[in-house]
Every structure is written in structure tokens, then in C-alpha cells.
Amino acid sequence: MENMIRTDRLWMNVRLRDGFLTDEFEAGIEDFVDFAQRHPELMDGSKIRCPCNDRKCQNRSFQELDIVRFHLAKNGFVRDYYVWYKHGETVVQPTSNQNVQRSVESDVAIEYVQPNNACQAMLMDVIGPSFNPNVTEDIPNLATQELYEMLKVSEQEVWPGNPYGHSKLSAVARLLNLKAKHHFSERCFDDICQFLSELLPENNVMTDSFYSTKKLMQGLGLPVEKIHCCINGCMIYWGEDSELISCKFCNHPRYKRHHASNRQKTNVPHKKMYYFPLTPRLQRLYASKATANDMRWHKEHNTEEGVMRHCSDSPAWKHFDQIHPSFAVESRNVRLGLCTDGFQPFGQTGQQYSSWPVIVTPYNLPPWMCMKDEYMFLSIIVPGLRNPKEKLDVFLQPLIAELKHLWEVGVQTYDVSSKQNFQMRAALMWTISDFPAYSMLSGWSTAGKLACPYCMENSDAFSLSKGGKTSWFDNHRKFLLMEHPFRRNKKAFRKGQTVLKGAPPIRSGVEILELIENYGFKKVTEIDADGINAQISKNCHCGWKKRSIFWDLPYWKTNLISHNLDVMHIEKNFFDNIFNTIMNVEGKTKDNAKSREDLKEFCSRPELHRNETTNKFPKACYSLEKDAKEALCKWLKELRFPDGYASNMGRCVDMKKHKLFGMKSHDCHVFMQRLIPIAFRELLPGNVWQAVTEISIFFKNLTSTVIKKEDMEHLEKDIPIILCRLERIFPPSFFDSMEHLPIHLAYESMIAGPVQYRWMYPFERYLRKLKNNVRNKAKVEGSICNAYLVEEASAFCAHYFEPQVYTRHRKMPRNFDYGMGDGLEQEGMLSIFNNTGRSYGRAKSRYYSDDQEYHAAHTYILLNCEEVKPYIEIYANELRQSEPHIDDATIDAKLDQDFASWFEKFCMRGNHSSGRGSQSLGRGRGSQKIVRGGGIQQIFSGNNTTNVLPHSPTCTEDTLASPPLDTHVLPASDIPSPSHSAPAGNVSSIPPILGGTSDATAASTTVGFSQSMSSMQTDDKIFIRPTLDNKQFIPSASRRIGKIFKEKLVEEGIKWSKVPSNMKEYYWEEFEKKYKWNPALLISVKDTWKHVASVRYNDKLGKWRKKYGKDAKPNSVPQEVWNKWWEYWNIEEFKALSQKASQNRRSEKAGEGSGPSKHIGGSKTTIQHSIDLEAELGRPPTPFEVFKRMHKKKDGSFVDKRSNDINEAVENMVAIASQLIDESTEAPKIDVAHIYLQAVGVEPKKRRVYGLGTHASTFYPDSVSSSSSASSHYNTLFDERLREELQEIQENLHRKNEEIQQKNEEMQKQIEEMKKKEEERLKREDEMQQKILHMEQIMCKLAQTSSIYQPPVEDPSRSPEMTTHTDSE
């Protein structure tokens, strides 16, 4: 190994003595040169790699032999280069003191020196077998000296005769573990050490500070490198650029300027990054017995065909093994995943600072160890203040170089489990990140219309004219099957558009790399890369921004998946959009005024347009009313979950604004997968609830801990339909890139395996841990580095602690009862009642509210008992024997409904060895009393008392994050509906499916109370599903539809189209009472029911009309109804239509004498025959093959003259086409489909192709409407006639508009004249009124002046005020 200490080469650490080279060192240089010359395959001509300690060399550059000798004499060897693997050494040479045998990649076992205690065993695991403490002739180097000191300390007791035998090393290791576990500050650690020194006897050797502790444990620590960076993030001073003093991109100086008053001689860089070498951390996994065996689990565990429990079961892993067999042959080679994300150490309100850790995790470990904190290796800390964005590759250079070295050369590693050395190699499988970081790692822009890294330039995203954002609305029909009716729908999606193209192809890594190289993109570490990349991206209109540094890894282009889409963030964003839009949360809803304006432009939904009268928008069907919002928020406020399942969502409910706040990603995960089907079931219309429930079930099945390839294939086919149904409901502004990406998630799971190994949940929790380690706000990265090194060393030591010491590896469950519950385990107790756990509080009792609740509890207990499982299999087998075609969903429904009663009867038969306990369990009868809390639930009391522990808190957060794969959702009985308030303490308010179940038993425990989407009703119904063409049900269901008609008939129902809508609703409701189906197929079921009902109704009336006369009638038809029908059947109009239909059925379409057209298809549709034929042939059939399937008898003859003539015509045309093709062609290709269309033509009226019916659109999507000249001529005449009628209508409307406008103008003139006359009349009246007033004034004056005028005599007694007042009067 590179860092193995070789006692026979300790001369490499003793270069000088008294200022001169030692003789041993000079002789060792000559031995090294001679050894290197014996391996010319590793030489460059006459040059060898120089292993000197100079930064420019260090085995990186080739030099002449004399220069190598000079460099080694001047600089010495690179540190820890005891095994010359760069120069061809593969076998460790034996030392002179051969007390230990060693071998490299051989079957010879290496024997350990037996340690005296656990700490010595830990040190021996770290050091490896090459260490020999007995060889001390030379002065050891620093690393060796540290190990010597630790060995001495491990034998030194804290004080002589301490009762537990603690050594100084074990005590210090325990203290260090406590600091890492409880986040002690260094000052707190110093105080604890000082206090312990005072408590212990005087002769104790306990450490007195954190500094001395860190110095003592330094030998266990793993290396970290500090690399200087440009302050602008342009480059790092590393490798060939390590000696630069200014940035080669922006010329910014490397070091800070020294102030004149500062006597500091050390140069201080502007910025530095921390790099934690990966190789020694991977080697330590094989150095510890706690992990060495588990590193081979991926190769040795049992696998099941088509089932994926781990990444090693995935096609991506197996494909990598096939491409690189030399890597796969060694099971100890390491597969890695890389994750990066940024966080703000000061929170949202503090200083804007973005720190970006890069984390690497190994995938060799089993599921219970993989992705855990102690196996996540912090590799790089990219310093702030700003987000590095595309410059992230600059900081990844050391890691990529190390990964490249681990792939090409590897490193010699000691495996403690097999006591062998081997050459360990490593490979990076993929990266994990959120969507913005996806762009930083891959080089593909995740913003704008080309955001999807799978669709790339084939994206159909567009910009909303009013909203201004990019919408991915109507981007999913291209993923549907070609014959799906959604593709031809012009109203439900984008206005007037159909989709005929297929899904975009998924490009391989080789194709992507070739494309990037053809464009000419550069790595960001190259000069002028920014400008060149930006210009290329602009000119080529592509989504690439750079050449990612990951392409430097030789194997990267062979990976099936290089960068993962993060399911966690996609699911959270999807949930936020759904919930906020349904709740119409102000500022967060996707349904606003601009959205409605865009909806009017792009969609045909007039019911959502603005009301011109009120100038307001109508309420959408997907938006809740105020009372519904209040009911939902109240329900969430009171909802309780089992311990450890989810946080208290009641604290996130805002009752005033009817919204949720402070929801974590995991809370959204729980709500999305578990609560949406229940929360909105009674609050939303059926079509809206069905669509959001389907997307909920999709994410639930996608995130299962165990997945099957066939299930992922089904999800990949279903998700386009689910998204299309959402597009028929929500506006275009709802669909951003996060609503589009689920279209690709099922493919990634099918290729790369379960989601829990590729999403951000564990990494986000780890980032939270790193954020808590920031103690010094001024040195964010330094704080994280120090805390990480302490945790790393303490975690390794924790494996060697005594069994009674609690560590993170031996963490007890939060509700562990510490043995207090052992008394509950009695002989004969059922397994479901033996779960241990502490109670939640004081016991409360109540009685079951009704028999249905009692039946639910009884069934739940039965279906979750290990002892009852054999009887469940017996019951299921009986169902399969009685109904051979029964499916699993129907069996699950019958288990929930009938198993309890069946089991009671089965136990009472007395012909089996069930025993008295099984009979009591089968009866399950008592006082129907429940005692909740206090640790016990008393389900069956009286003589059959059963003690049940409450919901056992064994369901952890990891269990919830990855529920088992099934098609179940929570029924309404599990959690009370928001529209109904549950009584206090109701057991049904806690969903049993959410209860404590481990991963191993989750699949079985969810059977009891969880029902599939097809069996949400609790009554006894028959499960049905429609055919693919929505034309038929199972025969019994079709017959049942005919029987329903007999129950109630009306006079208006002379044919199906005349049946009143209320009667059709009645028929549908009666049908629903008897049958059930998957709610995801509700639309298909209803369409099929309408078709079958129409055919059955009309056929039944036709048979009755022929069978009975006017005087006789069927018993189910009332006399007055029958009389009314006969009145209609006797009118001339009906007789003419009947005669015309009869002639059409007897028409000879192939010519006179050919007879009516016939076929042998039977009750099967053409589409079903085509599917059967495809299964037989192994390929899609041609139209001619379908035609022969439908018209050719078993003896080889055809059913009628027309089909025989068409067969001869097609064969003749094929023969002629074969002769016309040049004989030089090796394999002439004849378009039989086109020849068949030419031979039969298209019926001009119904637009059908003979022999194919409605299935013709599958073969001829563009040509059915105009396939023959006659049809083309008919279409031309028909179109001309329509144009003439339309033009005539337009002319009439124009003429009428002109007449109306003319009348309006005349009326306007009359109104204006009337106004003028009125104004003149009012004016004249005013003038007359003024004249009258004037005459009255004149008459008054004349009356006053009728006598002789005499001036008044002044009275001296009158004051001026009085005079004025009098005058005024």
C-alpha cells in the first residue's frame, strides 16, 4: 500500500545526518533506480517517474536517471511512498524480522500480532500488518512516531488499578466521541478535562485540554489539504499552477498585501479550499473489521430476477460490469456516488454566504449501512461568499485527478477481513443534486425552454405571453402510444393542435460526448473558456454551456446514467403547485389573472374566461370554496401520526389564510403520497380528484424500497397519461419544468434502481449537520473542517468501544422500553401483540361506534398476524379455484371484506388442527371495548381478551421515505375525511397503514387496512376493467347492463339517444352498485359503459319489436310505455329509416352478386385482434395481415367474394411491385400497407378502410380522410358546398348587420332631434317665466307709485343701523 510503513525502507525517512547524506540513503537511491529500470513498461524511453517530494514531481513527471538521483538527494522521497507501485512493485518485500507474513493479491493469509486490548486492536487495524514495533534501529518519521506514541498510551492506565481498566487512549477516545456526538465547544471540552483531572487520583495521566487530546489522537486522523484559490473562483493554485502568485485568468494577486505596521512574514491567501483525499478514507473501510466484510455485500448478496433492492441489482451497475470486466472481477473495488449542494450557514436573514460541500459515498455497503452519515465522506468544501455556478469544476480538479488515478492505477490496500493485500480501484457511478446544481455538474442549462436534459432540443416548451414564464404544457402527448386518443384531441390540450411525433430518443454518453466535442466546448479550467463557450452556446442555440470536468474520467461516457434527477425536490415542487392551486393561496397559486388570459389564448376552455358583465373570472373546478378550505385545515390541525412517522403538521396550518407554512420536504413527501387521496376525496370533483390521486400513487410506487422492473415499465407507460389528465384540468401556467420531469423518473428508476440511493434526503440531513458545526462565523469552512476530522476519528474509534457503550452505531430506538415490556410476552400470545415499546400516556377507553369499525379492527389483526398467514393463502387459493380469472386487487378487496367471517367459519368446522386459540381469534367477540394509551389496547374482552400494544413506534423516517411497492392507498376509513369531524380519541383518526412497520413486514402489514384504488368501496362488488378500445366489458357486466334496463323504462326511450339524462344517470348508478374498477380508469369505464349501454339498449328494443306485436309485450315493459313505442315504430319516418338501415346491412359493396360484407372477428374488436396478432408474430402486424385475420377461414378460403377479390388484388399488386424493383437490391422493401390502401380505398361517408374499421387510424393517421380519387372528389365537393353555405351565411349576417346599423343610426338621429326639441321647449319655458316675473315686479312698482311721491323726513332718533335695516326691509 502507498501508506504502508515498511520497516526495511525506513532509510527513506533518514536522508541527512549532521548535514550530509547518509550512506543508507545513497545506497537506497541506487537500489531504487536499478529497480525502476527493470520495469521498462512504466518508463518513458530512458526516463522514469521522479518520486521526489518537490511539488512539480511527486511521481507526476518523467525525468532522466541522473536528474532523479539529484532530486531525491535534494528533496527526498514523497511521503509514505514505501511501496514503489508507480515503478512496477506489486509484492511487498519481506523484512529482516519476519514475524509477520505478507502477500499481495495472493491466498496466503496475513497473521496479526495479537493486541492486548481493544485500543491496540484499533491501532493495528489502522497501521496494517507491515508495521513492526520491534524494529527501532533508525529514527522513525513523524507519522511513525505518532503511532509509537499511541501504542504506548494504549498500554498506560488512566490511574493504576482503575476498576474498568481504562487506558489513557480509551478514555480520550470516549471523550472525543462525546464531543462529536453532543457538539461540545473546545472550551467546554477543556473544562470537562480539568474537572475529571480533579476528580481522579493524583497519579492520573488524564489529558488536560482539547489541544493535548487532538495531538495524542493525531495518528488516527485522516489527511486534509488546504489549497489556495483565486478570490474570484477562476482557478486554484494546485498542480502545475501551485507556484503562481497571481491568477492566470483575472491577474488578481494570490496573497493579501502586508501592511507596513504588520511584521507578519507568512503570506496569507485571499481564499482557500479544503480538500479531503478520498483514498485513505476508502482504505480505512477495509482496515476496520466493522466494515471490511460489508464492502463485499454488493457481490455476495442473494438477488432475485427482475427485483431491485440495491443499486447493485440495477441494469446500470450490471452494464458497467459488462463494459469493464477487469474492474468487476474484484468485488472489493469501490463504486461511488457524488453529491453537492449549497447552504447558507447564517440562515436566510443573516449575511448572504453560500458554502458548497462536495460529498462522496460508497455503494458497496448493504442497504442498512449505505447512505448513512458515517459513510458519507466530505471531499471538498468550496468556499463562499458566492455560488460557484459553472466554476464548480475548478474546485473539483483534485477530486477528479484522484478518481482518475484510482481507476487507472488504484492503490494497494489491506483487507483486514481476509488478511490480504489487494489493488483497490474505484469508479464514480453518477452524481446526485437538485436541478440547479444539475446544470453546474453536467454542463447542460436547466433554465428556459431547453431545461429538460432528456428532451434537449426536442422540447416543446413555450413562453406564456401574459405570464412571461416558460410553460411545459402539452409536452407529454408525444410520450403516449401512437393510437391513444389524446394525441388527436384538439380541444382538451393546446387549441387546435394534434400530436403525431414520438417521444425523443435518449442519448448515450458516447453520443453526448461526441456532440460536445463537435461543438467545440471547453472546460472552464482552460484559458478563454468562458467567452468561447458562451459564443458557441449562442450560435448553436443549444443547452450546453461547457465541457464538464467529469468527461475526463475514462469510463464516464459508458455510464447509462451520469446525473440523477432529484425525486425529493421534484415531488416537493409538484406538491406545492397542486396544494397551493387547489387552496388558491394568494401569491403561490398558479391560477391568477395572467394565467386565465394565457388560458384563453392557448386553450379552449370558455367556462374559465373572464365574465364581460362582471369583469371577473369564474371559479375553477379545481379550486376549493371557503368552507371546504376550512374543513381541510381543521382536519389537518387535528390529524395525528404514529411516533416518528412525520412531524406535527398541525403546527404548519394557518387557519386564517387557509394555507400551510413551514412545511419541510419530508412533510410534503408524506402529504403527497399518503394524504392527498384522502384529503381531497370529498372536496373535489371526481375527475380532478382522480388526476391528483394518480400522481400521488405514482410517487408512492416510484419511491418504494423494493422495485420490480415490470412495475417501473408500467409506471413509465402510465405517467404520460397521468400528466395529460392533469393538463386537461389545470392551466398552462401550472406546468413548469418540475411538472415535466416526472416523465423521466420511472426510466431512471428502471435503469439505476431504487430512488432512496439517488435522492437528496440523506445529503440534506448531512448538510444540516455540517451547518450545525459552524462555530466560528468568521471561519465557516475551517469550523466545518475541524469538526469533521474529529467526528471522523471518533466514529472509527466507536467501533472498538465496549458493547455497553452507546454510540451512533448502537443507537437505541427512541421508544425502546429497556426490557420493561417483557412481562407482556406470554405463552401463546400472537406475534402482533408482542411488539415492544413505551406507552404514549395514560390509558383511555371507549367502545366501538358500530359493527363496521369492529370488523375493521378484527380484520386488521387477522391480516397482520404471522400465525394467520397460512389461512390467508388457503382463502386466496379457494378464490382462485372458484374464479380462475380473478386478479390480485379483487383478492385484496375480498380479504378486507370477507376474510374475517370466512376465518370464523373455517375455525369452527373442527376438521383441522387450528386449536382453541384460533377459534377464539376467529370469533373475535367480546365487549367491543378499546383501551388506548397506557401501553395496551384491549380489543377483545370477556373470555377472549387480547392485549395489543398501541401503534408500535418502529416506523422510522427512512421507512416512510421509501414505502413498499404496492398499488394501495389509504381508504377513507383509515383517516377521517376533512368534511367529517372525528370524535376525540377515535382510533380511526390514526391510519393503521401509517403505523409502525419495518421494511421487512411493510408489504404484509399494509394489506389489512389499505385497499387498492380498485377496491375503495367496502361493499361486495365485482372488479371489472374495460377493453383497450373502450368497447366492451366482461360478458357478465354487459349482460347486467341489459338487465338494468328492464327495471325501469320510460316512454321517451324509443332509442338510446332519446333516453332522458336522468334515466341514464339512474342506469349508471345501478351499474356502480354492482361493479367497481380502478379509479384511474373512470373515464374509460364510463365511455365503455355508454357504448355498451347504447348497443344493448337499441338491440334489445329491436329484438322486442320483431318478437312481439302491438298486442303482446315483454313482462318488464309497462303497457303505456309499450303503446307509446309502437306509435313511434308505426310512423312513416321510422319505417323509412328502418328500411334504409336494412338495405345498408344487405348492401353488396363489392359489386352485384358479392353479397353483404362479412368477417370472422366475432365479439373481439379489430384492435384486440391486432394485439393478439402482434403477440403471435413478435412484431406489429401490417394492415393486410389484420385483414386476412378478420376475413380468412380455417380452411384457407375467404368469407365472401369481396374479401377474396381484395386478397387477389393485393397479392397481384405486390407481385408487380416486386418485379419493378431493381434486381440488384438485396432486400426489396415493399410498402404493403400502402398497396392495401390503394386496393380497398376509403369509404367516403364514414371515412373507414375496409377490413380495419376504426383501427384504420393506427395504420393511416394522415391518409384516411383522402385515400382514393373518389373520396378526394367527394371531399372536394363537400368542402365547396360547405364554403358556399358559409359564405351565404356570412353575407346574410353582414346584410343584417348593415340594416341594424342603419336603423340604429336613424334612431340615434331621432333621439338627437327629440333632445333638441326638448331643449328648445325648456328654453322657451324659462323665457316665459322670466317675463312673468318681470311683469309682476312692474305691477308692484306701479302700485307703490300710484300716490304722489313725497320724500321721507329724517328722524334724528333713528340710528344708522335701524335706517339701514328699515331700508333693506
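About the cut-offs
Residues numbered from 1 in each chain as written. Predicted model: local features only at pLDDT ≥ 70, side-chain atom pairs only at ≥ 80, totals over all residues. Heavy atoms only, no water. Helix = DSSP H or I, 4+ residues; strand = E, 2+ residues; numbered from the N terminus. Buried < 20%, exposed > 50% of the residue type's maximum accessible area, 1.4 Å probe, protein only. Contact = heavy atoms within 4.5 Å. Polar contact = N/O pair within 3.5 Å; in protein donor to acceptor, adjacent residues only side chain to side chain. Core = buried A, V, L, I, M, F, W, Y, C linked by side-chain atoms within 4.5 Å. Axes fitted to C-alpha atoms, helices over the stretch in contact; angles between N-to-C directions. Parallel < 35°, antiparallel > 145°, perpendicular 65-115°, else oblique. Left-handed = near helix turned anticlockwise from the far one by under 90°. Nonpolar A, V, L, I, M, F, W, Y, C, P; charged D, E, K, R; others polar. Patch = residues over 30% accessible without salt bridge, like charges linked within 9 Å, V, L, I, M, F, W, Y side chains within 5 Å. Areas by Shrake-Rupley, 256 points an atom, 1.4 Å probe, with all protein chains shown as cover. Salt bridge = Lys/Arg side-chain N within 4 Å of Asp/Glu carboxyl O. Pairing = 2+ DSSP bridges. Lys, Arg positive; Asp, Glu negative; His and termini not counted. Charge placed at Lys NZ, Arg CZ, Asp CG, Glu CD. Phe/Tyr/Trp six-rings, centres within 6.5 Å; stacked < 30°, edge-to-face > 60°. Lys NZ or Arg CZ within 6 Å of the ring centre and 35° of its normal. Expected span 1.5 Å × (residues − 1). pLDDT = per-residue confidence, 0-100. Disulfide = S-S within 2.5 Å.

A closer look at the overall build of the protein
Helix and strand content of the protein: 44 helices and 27 strands. Expressed as a percentage of the 1369 residues in the protein, the buried residues total 48%. Sequence separation of 24 or more characterises 67% of the internal contacts of the protein that already satisfy a separation of 6 or more.

Remarks on the side chain of histidine 310
Following the sequence through the fold, histidine 310 ends up in the loop between strand E7 (307-308) and helix H10 (315-323). A polar contact of 3.2 Å, which involves the side chain of histidine 310, links it to the backbone oxygen of tyrosine 363. A distance of 3.0 Å separates a polar atom in the side chain of histidine 310 from the backbone oxygen of leucine 365. Discounting chain neighbours no more than four positions away, the residues touching histidine 310 are Trp297, His298, Tyr363, Leu365, Pro367, Pro754 and Tyr757.

Considerations on the nonpolar core
Ranked by size, the top nonpolar core spans 174 residues in total, and within it Phe671 and Ile695 carry the most contacts. When sequence neighbours within four positions are dropped, the list of residues in contact with isoleucine 695 reads Phe574, Ile578, Met672, Ile719, Ile722, Leu723 and Leu726. Grouped together as the second largest cluster of nonpolar side chains are 31 residues, Trp1056, Phe1071, Trp1125 and Trp1126 included.

Re the packing of helix H19 (residues 626-638) against helix H20 (residues 665-679)
Between H19 and H20, the shortest axis-to-axis distance is 12 Å and the interhelical angle comes to 130°. Here H20 runs oblique to H19, going by the angle between their axes. For H19 against H20, the interelement crossing comes out right-handed. Across the interface between the two elements, Leu632, Trp635 and Leu636 of H19 pack against Phe671, Leu675, Ile678 and Ala679 of H20. When its residues are assigned to classes, the contact of H19 with H20 shows 7 nonpolar, no polar and no charged.

Topic: a nonpolar patch on the surface
A surface patch of nonpolar side chains, about 390 Å² in accessible area, is lined by Met1335, Ile1338, Met1339 and Leu1342. As for its placement among the helices and strands, isoleucine 1338 is situated in helix H43 (residues 1269-1344). By relative accessible area, isoleucine 1338 is classed as partly exposed at 32%.

A look at the sheet that holds strand E8 (residues 334-340)
Strand order across the open sheet formed by 7 strands is E5-E6-E10-E9-E8-E13-E16, with mixed pairing between neighbours. Only two strands of the sheet have a single partner each, and these edge strands are strand E5 (225-229) and strand E16 (563-564). Judged from the 2 bridges that link them, strand E6 (residues 271-275) and strand E10 (residues 377-382) form a sheet pairing that is antiparallel. Across the sheet, tyrosine 275 pairs through a bridge with isoleucine 380, a residue of E10.

Structural notes on a positive patch on the surface
Taken together, the side chains of Arg1039, Lys1043, Lys1046, Arg1096, Lys1103 and Lys1107 make up a positively charged region of the molecular surface. Accessibility expressed as a relative area gives 65% for lysine 1107, which makes it exposed.

Digging into the packing of aromatic side chains
Evaluation of the coordinates by the stated rule reveals 56 aromatic pairs. These aromatic residues form a ring-pair network of at least three members: Phe473, Phe574, Tyr622, Phe698, Phe699, Phe730, Phe734 and Phe735. Across the ring face of tryptophan 84, the terminal group of arginine 9 is positioned such that the distance to the ring centre comes to 3.6 Å. A cation over an aromatic ring shows up here: lysine 179 above the ring of phenylalanine 210, its NZ or CZ 5.1 Å from the ring centre.

Some words on H19
Over its 13 residues, H19 runs 19 Å from end to end, which matches the ideal 18 Å to within 8%, given 1.5 Å per residue. The inward-facing, buried residues of H19 abut helix H17 (567-582), strand E17 (653-654), strand E18 (659-660) and H20.

So, the pattern of salt bridges
Between side chains of opposite charge, a pair can form as their charged atoms come close. Enumeration according to the criterion identifies 31 salt bridges in this entry. Salt-bridge contacts for aspartate 552 lead to lysine 523; the nearest nitrogen and oxygen are separated by 2.8 Å. Note that aspartate 552 is positioned in the loop between helix H16 (529-540) and E16 and lysine 523 in the loop between helix H15 (509-519) and H16, a separation of 29 residues in sequence. Among the residues examined, aspartate 552 registers a relative accessible area of 22% and is labelled partly exposed.

With respect to the confidence of the model for the protein
Note that predicted coordinates carrying low pLDDT should not be read in detail. Per-chain confidence: the protein averages 77 in pLDDT, with 73% of residues scoring 70 or above. Taken together, the stretch residues 818-825 has pLDDT below 50 and engages in 7 contacts with residues farther than four places along the chain or on a different chain. Predicted confidence is poor over residues 1347-1369, with pLDDT under 50, and the contacts of this stretch with residues over four places away or in other chains come to 2 contacts.

Brief notes about the state of the cysteines
Scanning the entire structure with this criterion turns up 0 disulfides. Between cysteine 542, a cysteine without a disulfide, and cysteine 540, which holds the nearest cysteine sulfur, the sulfur-to-sulfur distance is 5.3 Å. A relative accessible area of 13% means that cysteine 542 is categorised as buried.

As for the environment of serine 647
Note on placement: serine 647 falls in the loop between H19 and E17. Sequence separation between serine 647 and methionine 663 is 16 residues; the distance between their C-alpha atoms is 9.2 Å. Other than its neighbours up to four places away in sequence, serine 647 contacts Phe641 and Asp667.

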